[in-house]
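Listed below are the residues making up each chain.
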Amino acid sequence: MTPPAATSGADCLVVVPTYNEADSLRSIIARIRVAVPDADVLIVDDASPDGTGRIADELAEADTRIEVLHRAGKDGLGSAYLAGFAIAAERGYARVVEIDADGSHDPAELPAMLSLAHTEGADLVIGSRWVPGGSVVNWPWFRRAISRAGNSYARRMLGSRIRDITAGFRVYRVAALSGIDRAHVSSQGYCFQVELAWRIEQANGVVREHPIAFVERANGRSKMHAGIVAEALGRVTAWGIASRGGRRRLTSWDA
């Protein structure tokens, strides 16, 4: 169920999706609260069997600016973020943040990203690994190669100018998301990030990239797998072909 409307007066909601993040959740939430103390935090837990949901509830009990959305089962990263976006829109937040729970994204970058969103009037600010000043830490060469190749392929197929279109550390203007029919967004993982960024580009939205250092998670297991990569490749190819054929607007059939 959707948590009740917030009364904090915050204009930013930080959405943290979780599934088996018991080892890292306390740390990342503490870092978020230090970095953006005036923001509200929504933890979206997909019935994690490792007790992440219980830890999330404890954090919410100790801090009124933290809330938890418990879902019945593992329903995917994209679905978790869409649930958070819907809550942000219902409550009237101006900005909504995507951030991983595993510590790969440094919350200390959020003030700069939010500032860029305000000063540039950006609809989307991406924490980017592949712009000057960006980097990845503790990644093997093949992970770097996959990420670079995936971004390059997506840019060429979709005609995008975003250097890190697969990145998952983001600040959105909630009003920009309101123009996207969430019922037609069915992608997960990398492809979810590609889809939303491209939709905003198609709508002539303002997109900015802020360099970050992406650090490979120290605890738990990565959620990345071959199926996510295959989904991204297939969907991006289909969207690129469709756009070249003049079907610029994505539909549920495309998704």
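Residues numbered from 1 in each chain as written. Predicted model: local features only at pLDDT ≥ 70, side-chain atom pairs only at ≥ 80, totals over all residues. Heavy atoms only, no water.

1. What to know about the packing of aromatic side chains
Let me state the cut-off plainly: Only Phe, Tyr and Trp rings are paired, with Trp represented by its six-membered ring, and only when their centres lie within 6.5 Å; those with planes under 30 degrees apart are stacked, over 60 edge-to-face, the remainder tilted. Put simply, DSSP marks the helices as runs of H or I at least four residues long and the strands as runs of E at least two long, and each gets a number from the N terminus on. Using a 1.4 Å probe on the protein chains alone, a residue whose accessible area is under 20% of its type maximum counts as buried, one over 50% counts as exposed, and one in between counts as partly exposed.
All told, the structure shown has 5 aromatic pairs when counted by the stated rule. When the centroid spacing of 6.1 Å and the interplanar angle of 20° are considered together, the rings of Y81 and F85 count as stacked. Residue Y81 and its partner F85 are both found in helix α3 (residues 77-91); the two are separated by 4 residues, about one turn of the helix. Ring geometry for F85 against Y172: centres 5.3 Å apart, planes inclined by 65°, an arrangement best described as edge-to-face. On the criterion of sequence distance, the pair formed by F85 in helix α3 and Y172 in strand β7 (residues 170-173) is long-range, its members being 87 residues apart. Residues F85 and Y172 agree in their burial class; the two are buried. Each residue in the set Y81, F85, Y172 and F192 is aromatic and connected to the rest through ring pairs, giving one cluster.

2. Notes on the environment of L69
Within the element layout of this structure, L69 appears in strand β3 (residues 66-70). Between the C-alpha atoms of L69 and A83, which are 14 residues apart in sequence, the distance is 8.9 Å.

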